[in-house]
Amino acid sequence: MRRLRACLGAAAAVTLAAAGTTALVASNASSATSALGNRWYAAAPYLMPLDNDPPDAAAIMDASGLKAFQLAFILAPDGGGCSPTWGGTAPVSGDTAVQNVISTIRTKGGDVSVSIGGYGGTKLGQACADAASTAAAYQQVITKYGLHAIDFDLEEPEYENTAAVRNEIGAAKILQQNNPGLYVSVTTAGTADGTGWFGKQMLLEAKSQGFTPNNFSIMPFDGGFNGAASQTGALTNFNAILRSTFGWDEATAYAHEGFSGMNGRSDTGEYFSQADFQTVLDYATSHNMDRFTFWSLNRDRQCSPADNGGRTSGTCSSVAQNSWDFAKYSVKFAGATPPSTTPTPTPTPTPTPNSCKTAWSSGSVYTAGNEVSYNKHNWKAKWWTQNEVPGASEWGPWQDEGAC
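Student: What is the right way to look at the overall build of the protein in this model?
Tutor: From N to C terminus, the protein includes 12 helices and 17 strands. Burial statistics for the protein: of 404 residues in total, 54% are counted as buried. Nonlocal contacts in the protein, meaning residues at least 24 apart in sequence, comprise 71% of its contacts between residues at least 6 apart. If you sum the accessible surface of the protein, you get close to 15,600 Å²; carbon and sulfur atoms cover 52% of it.

What follows is the structure in structure tokens.
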């Protein structure tokens, strides 16, 4: 398992003054663009620009009408420290690859938000010494890319760490204060009851710090969900949690509530179709919710027979679809009309068992990408692991690659 690491140079990483922040953003204005309306940032689906076979953002924009993208994920360096990286390995300070993606999107009249955290890896809230140094690290991202929006994705394993969540919420509040007009979303795990104990503790931390983002979004998947009805039920229950936590009335709670779904087959084998997305979209718009997004655009295309559509993939949905079908629901939420689609999807191929990889060994060390077989399934490691049984926990280090 990954260890928490102390933030290097934390004493020098102080809270940026509002005037200083404005100057920094102004100095990078050449890479910025005029802000889109908040509705577009609220509708931005997640895109991994460096991993999972990144699709062409310009092609997605042309085919779907999408204008906003949620780029993922900013993490602490795998080697330790309190500086922002893409995925733990690519320092933001020296990045040109993601900058080029952003420039392409902005040239076509769109914009991006950047998501920090996500599932797995070491988060800056874990690595940095306090909220001020955590905020200073994130401010580097905002300044470099001239951002108008940012997403705090607080989930396993970070949201079980009280100090880390305190740092993240404190950093979000600092960034909100120092970057006037910044759109801030906070995303966390969803359950049938709305969100679990750790999600509720995160909301209480936000309340104690006097922090209110544009929205708190839940991810109603990977938790025993079954289609849209279970997801809208979770959103209704989450609304009640927001009301009881912050003292809001129902309408105010919905105005600060968001949905973050997963298109197609989820990590735990749930299936969410285009019809499910339409049902949740109708719920979100009829209740005047603030956000409707999904994970991910990398998956918003049909699997090929070689990909074996009966497993969860990072690069396709495992359901019958046209490319960018799910992106069009985000476009609708933003208030735009997506282009009509003429092709019809071919049926999802019937899955055939894969050959089994080398058997998992409790004494072996595995790193991200290593594949093993266990209990007649193949599994791929998400990060460094040893003596953690594949499938023992849905939040564990192993991704199910299907039967073998």
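Student: In this structure, what is going on with the state of the cysteines? I would like to understand it.
Tutor: Among covalent bonds in proteins, the disulfide is the one between the sulfur atoms of two cysteines. Summed over all chains, the structure comprises 2 disulfides. Between Cys303 and Cys316 runs a disulfide, and the two sulfur atoms are separated by 2.0 Å. Here Cys303 and Cys316 share a disulfide; its torsion about the S-S bond, 90°, makes the bridge right-handed. Here Cys303, found in the loop between strand S12 (291-295) and helix H12 (327-333), pairs with Cys316, found in the loop between S12 and H12; they are 13 residues apart in sequence, far enough to count as distant.

Student: Would you take a moment to explain helix H11 (residues 274-286) for this structure?
Tutor: Since the α-helix turns once every 3.6 residues, residues separated by three or four places project in the same direction. Across its 13 residues, H11 extends 18 Å between first and last C-alpha, which sits within 8% of the 18 Å expected from 1.5 Å per residue. Inspection of H11 places Gln274, Asp276, Phe277, Val280, Leu281, Tyr283 and Ala284 among the buried residues, and these make up the whole buried set. The secondary structure elements touched by the buried residues of H11 are helix H9 (227-246), helix H10 (250-255), strand S9 (257-262), strand S11 (271-272), S12 and H12. Looking at where H11 begins, the residue whose side-chain oxygen comes 3.3 Å from the main-chain nitrogen of Ala275 is Ser273. After H11 finishes, the residue Asn288 shows a positive phi value of roughly 55°.

Student: Looking at this structure, I do not really get the sheet that holds strand S17 (residues 398-403). What am I missing?
Tutor: The strands making up a sheet associate through backbone hydrogen bonding, with each pair oriented either parallel or antiparallel. The strand order S14-S15-S17 describes an open sheet built from 3 strands, whose pairing is antiparallel. Single-partner strands in this sheet number two, and they are strand S14 (371-374) and S17. For this sheet, the mean inter-axis angle between neighbouring strands, taken without regard to orientation, is 30°. Where strand S15 (residues 377-381) meets S17, 4 bridges bridge the pair, whose relative direction is antiparallel. When the sheet's bridge partners are listed, Ala381 is paired in S17 with Trp398.

Student: Quick question: what am I supposed to make of the side chain of Gln231 here?
Tutor: Examined against the element boundaries, Gln231 turns out to sit in helix H9. Its relative accessible area of 1% is what places Gln231 among the buried residues. Setting aside chain neighbours within four positions, we find Gln231 in contact with Pro220, Phe225, Phe259, Phe272 and Val280.

Student: What exactly am I supposed to notice about the pairing of S9 here?
Tutor: Regular strands have side chains that alternate between both faces of the sheet. Of all the 6 residues making up S9, 6 are buried; the element is thus mostly covered by neighbouring parts of the structure. Side chains Glu257, Phe259 and Gly261 project from S9 onto one buried face, and the interleaved Gly258, Ser260 and Met262 project onto a second face that is buried too. Strand direction decides the pairing type here: strand S8 (residues 215-219) and S9, joined by 3 bridges, are parallel. Paired with Phe216 across the two strands is Glu257, which belongs to S9.

Student: Even after reading the chapter, I still don't get the nonpolar core, so can you show me in this structure?
Tutor: If you look at soluble globular proteins, the nonpolar side chains tend to sit buried side by side. If you look at the biggest cluster of nonpolar residues, it comprises 96 residues, and the most contacted ones within it are Phe69, Leu71, Ile74, Phe152, Phe216 and Phe292. When near neighbours in sequence (up to four residues on either side) are disregarded, Phe152 contacts Ile116, Tyr138, Glu168, Ala171, Ala172, Leu175, Val184, Ser185, Val186 and Thr187. Trp360, Trp379, Ala381 and Trp398 belong to the second-largest nonpolar core, a separate cluster that totals 6 residues.

Student: Would you mind showing me how to read the pattern of salt bridges here?
Tutor: Here the idea is simple: oppositely charged side chains can pair when their charged atoms come close. Per the stated rule, a full pass over the model turns up 5 salt bridges. With its nearest N and O atoms 3.7 Å apart, the salt bridge here joins Asp151 to Arg291. Of this pair, Asp151 sits in strand S6 (residues 149-153) while Arg291 is found in strand S12, placing the two residues 140 residues apart along the sequence. In this structure, Glu371 and Lys357 form a salt bridge, with 3.6 Å as the shortest nitrogen-oxygen distance. Of this pair, Glu371 sits in strand S14 while Lys357 sits in the loop between H12 and strand S13 (365-366), placing them 14 residues apart in sequence.

Student: Would you explain unusual backbone geometry in this entry?
Tutor: Backbone geometry follows two general trends: most residues other than glycine have a negative phi, and most peptide bonds adopt the trans configuration. With an omega of -10°, the peptide bond between Ala72 and Phe73 qualifies as cis. Position of Phe73 relative to the elements: it lies in strand S2 (residues 68-75). Geometrically, the link from Glu156 to Pro157 is a cis peptide bond, its omega value of -15° lying close to zero. Turning to its location among the elements, Pro157 is positioned in the loop between S6 and helix H7 (162-178).

Student: Just to check I follow, could you spell out the environment of Lys207 for this structure?
Tutor: Considering the arrangement of structural elements, one finds Lys207 in helix H8 (residues 197-209). Residues Lys207 and Ile169, 38 residues apart in the sequence, show an inter-C-alpha distance of 9.8 Å. What Lys207 contacts, discounting residues up to four positions off in sequence, is Thr245 and Phe246.

Student: Hey, could you run me through the pairing of S8 in this one?
Tutor: Of all 5 residues making up S8, 5 are buried, and the element is well covered by its neighbours. Burial along S8 is two-sided: the face carrying Asn215, Ser217 and Met219 and the face carrying Phe216 and Ile218 are both buried. Direction of pairing for strand S7 (residues 183-189) relative to S8: parallel, over a ladder of 5 bridges. Residue pairing for S8: Thr187 is matched across the bridge by Ser217. This β-α-β element, S7 to H8 to S8, shows right-handed connectivity.

Student: Quick question: what am I supposed to make of the packing of H9 against H11 here?
Tutor: Two packed helices can be described by the angle between their axes and the distance between those axes. Here H9 crosses H11 at 25°, and the two axes come no closer than 8 Å. As far as their axial angle goes, H11 and H9 are roughly parallel. The way H9 lies across H11 gives a crossing that is right-handed. Of H11, the residues touching H9 (which contributes Gly227, Ala228, Gln231, Thr232, Leu235 and Thr236) are Asp276, Thr279, Val280 and Tyr283. Grouping the constituent residues of the contact of H9 with H11 by class yields 4 nonpolar, 5 polar and 1 charged.

Rules and cut-offs
Residues numbered from 1 in each chain as written. Predicted model: local features only at pLDDT ≥ 70, side-chain atom pairs only at ≥ 80, totals over all residues. Heavy atoms only, no water. Helix = DSSP H or I, 4+ residues; strand = E, 2+ residues; numbered from the N terminus. Buried < 20%, exposed > 50% of the residue type's maximum accessible area, 1.4 Å probe, protein only. Contact = heavy atoms within 4.5 Å. Areas by Shrake-Rupley, 256 points an atom, 1.4 Å probe, with all protein chains shown as cover. Disulfide = S-S within 2.5 Å. Expected span 1.5 Å × (residues − 1). Polar contact = N/O pair within 3.5 Å; in protein donor to acceptor, adjacent residues only side chain to side chain. Pairing = 2+ DSSP bridges. Axes fitted to C-alpha atoms, helices over the stretch in contact; angles between N-to-C directions. Core = buried A, V, L, I, M, F, W, Y, C linked by side-chain atoms within 4.5 Å. Salt bridge = Lys/Arg side-chain N within 4 Å of Asp/Glu carboxyl O. Right-handed = clockwise from strand over helix to strand, strands pointing away. Parallel < 35°, antiparallel > 145°, perpendicular 65-115°, else oblique. Left-handed = near helix turned anticlockwise from the far one by under 90°. Nonpolar A, V, L, I, M, F, W, Y, C, P; charged D, E, K, R; others polar.

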